[in-house]
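Each chain is listed here by its residues.
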Amino acid sequence: MNGINYENLELIESIFDNIKKGFILCELIYDDQGRPINYRFLKANKMVQNHTGVRLKDMLRKTAKELFPGYKQIWIDKYAASVLEKKHIEFTKYNHNTNKHYKANCFSPAANKFIAVYEDISHEIEVEKKLEKKEKEYQQIFESITDMFHVIKLIYDEKTTMWLTGLSYR
């Protein structure tokens, strides 16, 4: 044997395939000037297939741009930062290919390679947007109520009696 504990390897692969987050291992591809321009999928779990709609057997050894026409450079730049800066990178981005928002964590385990673990946070983003909309609506209501009280405050007669809906207040 070559020192690999196959029981542990099977356990790791089982965990890898059953976590609820997408997990990819990729290698960067550079242009002639050494700038990252793409990446190739080396390994991915089942959730990646669920997120992208691309079967794993069709994904592996292919590049992001081959699989997703119009793939945005911003994603490549984010992943490349973990390799080039040799640090953990966390970011949230919208992917127009899948119509989803993702939170990604990535790091570089080896030269020109990165691992990314990501999750679909589209539902959370949608809820957040709805909450922001409601907050704006409530703010408008509050401001209109405040404006109404300012108008009421000005309705006094010469005896400093304020009249409101037929009742007198002193």
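Above this note sits the structure.
Report on the accompanying structure. (Residues numbered from 1 in each chain as written. Predicted model: local features only at pLDDT ≥ 70, side-chain atom pairs only at ≥ 80, totals over all residues. Heavy atoms only, no water.)

As for the overall build of the chain
So, point 1. Helix and strand content of the chain: 6 helices and 7 strands.
So, point 2. Counted from the first residue to the last, the chain has its helices and strands arranged as α-β-β-α-α-α-α-β-β-β-α-β-β.
So, point 3. Excluding contacts between residues fewer than 6 apart, the proportion of contacts in the chain whose partners are at least 24 apart in sequence is 43%.
So, point 4. For the chain, the accessible surface area stands at approximately 12000 Å², while carbon and sulfur atoms represent 56% of it. (Helix = DSSP H or I, 4+ residues; strand = E, 2+ residues; numbered from the N terminus. Contact = heavy atoms within 4.5 Å. Areas by Shrake-Rupley, 256 points an atom, 1.4 Å probe, with all protein chains shown as cover.)

Let's talk about helix α5 (residues 73–84)
Each α-helix winds once per 3.6 residues, and so residues spaced three or four apart point in a common direction.
So, point 1. For α5, built from 12 residues, the straight-helix expectation of 16 Å at 1.5 Å per residue is met to within 8% by its first-to-last C-alpha distance of 15 Å.
So, point 2. All of the buried residues in α5 are W75, I76, Y79, A80, A81, S82 and V83.
So, point 3. Taken together, the buried residues of α5 touch β1 (22–30), β2 (36–44), α4 (64–67), β3 (89–95), β4 (100–110) and β5 (113–120).
So, point 4. Of the residues trailing α5, K86 is marked for its positive phi of about 50°. (Expected span 1.5 Å × (residues − 1). Buried < 20%, exposed > 50% of the residue type's maximum accessible area, 1.4 Å probe, protein only.)

A closer look at the packing of aromatic side chains
So, point 1. Scanning all chains against the criterion turns up 11 aromatic pairs.
So, point 2. Seen in terms of ring centroids, Y39 and Y71 are 5.8 Å apart; in terms of plane orientation they differ by 80°. Their pairing is edge-to-face. Of this pair, Y39 sits in strand β2 while Y71 is found in the loop between α4 and α5, placing the two residues 32 residues apart along the sequence. We note that Y39, like Y71, is buried.
So, point 3. Ring pairing ties together the aromatic residues Y39, F41, F68, Y71, W75, Y79, F91, Y102, F114 and Y118, which thus form one cluster. (Phe/Tyr/Trp six-rings, centres within 6.5 Å; stacked < 30°, edge-to-face > 60°.)

Some remarks on the sheet that holds β4
So, point 1. The strand order β2-β1-β5-β4-β3 describes an open sheet built from 5 strands, whose pairing is antiparallel. Every other strand in the sheet has two partners, leaving β2 and β3 as the edge strands with one partner each. Across this sheet, the average inter-strand angle for adjacent strands is 35°, counted without regard to direction.
So, point 2. Relative to β3, α5 is tilted by about 170°, and along the sheet it contacts β1, β2, β3, β4 and β5. (Pairing = 2+ DSSP bridges. Axes fitted to C-alpha atoms, helices over the stretch in contact; angles between N-to-C directions.)

Quick word on the pattern of salt bridges
So, point 1. The final tally for this structure, using the stated rule, is 8 salt bridges.
So, point 2. The shortest N-O distance in the salt bridge between D31 and R35 comes to 2.9 Å.
So, point 3. Since its relative accessible area comes to 19%, D31 is described here as buried.
So, point 4. Where E126 meets K130, a salt bridge forms, and the shortest distance between an N and an O atom there is 3.3 Å. Here the residue E126 and the residue K130 both occupy positions in helix α6 (residues 122–153), the gap between them amounting to 4 residues, near one helical turn. (Salt bridge = Lys/Arg side-chain N within 4 Å of Asp/Glu carboxyl O.)

A closer look at unusual backbone geometry
So, point 1. Of note in this structure, K86 is not a glycine but carries a positive phi near 50°.
So, point 2. You can see K86 is positioned in the loop between α5 and β3.

Interpretation in functional terms is not warranted from these geometric data alone.
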